[in-house]
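Each chain, written out:
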Amino acid sequence: MSEPPAAVCFDMDGVLVQSEDHWVRAQREDILPTAAPNDDIPLAAITGRNYREVYPDLNAEYDLEISREVFEGLFEEHGERIYANEATFLDGAHALLDDLRDAGVALALTTSAPWAWIDVADERFDLLSKFDVAISANDIDGPGKPEPDIYEQGAAELGVAPEDCWAVEDSTAGARAAVAAGMTTVGFRGDGDETDLSMVHEIADDAASLRQVLLAGV
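Residues numbered from 1 in each chain as written. Predicted model: local features only at pLDDT ≥ 70, side-chain atom pairs only at ≥ 80, totals over all residues. Heavy atoms only, no water.

Judged by nonpolar contacts, the single largest core of 53 residues is most densely connected at Phe10, Met12, Leu16, Phe71, Val168, Leu210 and Leu214. Of the domains in this structure, domain 1 (7-19 + 88-215) and domain 2 (20-86) are the two that each give at least three residues to this core. Dropping the residues within four chain positions of it, phenylalanine 71 is found in contact with Ile31, Ala35, Tyr51, Val54, Tyr55, Leu58 and Ile66. Counting 18 residues, the second largest nonpolar core, distinct from the first, contains Cys9, Ile135, Ala177 and Ala181. (Core = buried A, V, L, I, M, F, W, Y, C linked by side-chain atoms within 4.5 Å. Buried < 20%, exposed > 50% of the residue type's maximum accessible area, 1.4 Å probe, protein only. Domains from an automatic or database assignment. Contact = heavy atoms within 4.5 Å.)

Attention shifts here to the domain arrangement of the chain. Taken as a whole, the chain is organised into domain 1 (7-19 + 88-215) and domain 2 (20-86). The C-alpha centroid of domain 2 is placed 22 Å from the C-alpha centroid of domain 1. On the side of domain 2, 20 residues touch domain 1, which itself brings 23 residues to the contact. Summing both sides of the interface, domain 1 and domain 2 together bury roughly 1,600 Å²; the carbon and sulfur share of this comes to 53%. In terms of surface lost to domain 2, no three residues of domain 1 exceed Ser19, Trp117 and Arg124, which account for 39% of the buried area on that side. Viewed at the interface, domain 2 and domain 1 are joined by eight residue pairs in polar contact (both at pLDDT 80 or more). Put simply, the parts of the chain that give the side of domain 1 that touches domain 2 at least two residues each are β2 (17-18) and α5 (115-125). Of the residues belonging to the side of domain 1 that touches domain 2, the class tally is nine nonpolar, nine polar and five charged. (Buried area = accessible area lost by both parts, 1.4 Å probe. Polar contact = N/O pair within 3.5 Å; in protein donor to acceptor, adjacent residues only side chain to side chain. Helix = DSSP H or I, 4+ residues; strand = E, 2+ residues; numbered from the N terminus. Nonpolar A, V, L, I, M, F, W, Y, C, P; charged D, E, K, R; others polar.)

Moving on, we come to a negative patch on the surface. On the surface, Asp39, Asp40, Glu61, Asp63 and Glu65 cluster together into a negatively charged patch. Along the chain, the position of glutamate 61 falls in helix α2 (residues 51-61). With a relative accessible area of 61%, glutamate 61 lands in the exposed category. (Patch = residues over 30% accessible without salt bridge, like charges linked within 9 Å, V, L, I, M, F, W, Y side chains within 5 Å. Areas by Shrake-Rupley, 256 points an atom, 1.4 Å probe, with all protein chains shown as cover. Salt bridge = Lys/Arg side-chain N within 4 Å of Asp/Glu carboxyl O. Lys, Arg positive; Asp, Glu negative; His and termini not counted. Charge placed at Lys NZ, Arg CZ, Asp CG, Glu CD.)

For the rest of this paragraph, the subject is the environment of valine 8. Inspection of the secondary structure assignment puts valine 8 in strand β1 (residues 7-10). Looking at valine 8, the relative accessible area reads 0%, which means it is buried. Sequence spacing of valine 8 and serine 19 is 11 residues, and the spatial spacing of their C-alpha atoms is 21 Å. Once residues within four sequence positions are removed from consideration, valine 8 is found in contact with Val105, Ala106, Leu107, Ala108, Cys165, Trp166, Val168 and Leu214.

Next up on the list: the packing of aromatic side chains. On inspection of all chains with the given rule, the structure shows 10 aromatic pairs. Between tyrosine 51 and phenylalanine 75 the ring centres are 5.3 Å apart and the planes differ by 15°, which places this aromatic pair in the stacked class. Remark: phenylalanine 75 occurs in helix α3 (residues 68-86) and tyrosine 51 occurs in helix α2; sequence separation between them is 24 residues. The pair formed by tyrosine 51 and phenylalanine 75 is uniform in burial state, with each residue classed as buried. Cluster of aromatic residues (ring-pair linked, three or more members): Trp23, Tyr51, Tyr55, Phe71, Phe75, Tyr83 and Trp117. (Phe/Tyr/Trp six-rings, centres within 6.5 Å; stacked < 30°, edge-to-face > 60°.)

Okay, structure coming up:
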């Protein structure tokens, strides 16, 4: 790529806000064992998705022993702690976002997280000031990731055709959503995990390589 994209949509968790390790621990040690003590629910069934959408799918496949209200309450309880105290910001992310803006790239935050968590991340990391548009899965009138709706809305609000927009995602569900929207998709492996990102167009293994991919030619 000789010049940066017209626009970039960034996922929040696992890309800019390093929360995934904390979510993995919370899901493995508390949320999933509490929800289905007799089943081994894979993390892939949840990761990257809006937690408010996953209960019906899990309930259809596994023996859940808690209500939807209790299930969602567990996520909300852990989320308050993770975003307020445990999550960190990607090294170099502020400089990357600033340099993209200086290069004329429009930026959208497109996340499955609810606004309560986005606002805490913003207070800690000065996140939202870097973006032209910020969209939570709760803002869209349609299904969340892996469906493309949130990315289609992100492109629309930026005034850019999806095919002229890039997306940065770390989860299988998120990457599928961005690809389905028609965006050139960068898979971010900041934590070095083995998530299935076989559908993406580019891979960035760390913050430095993400910068190189997005700012090539600048």
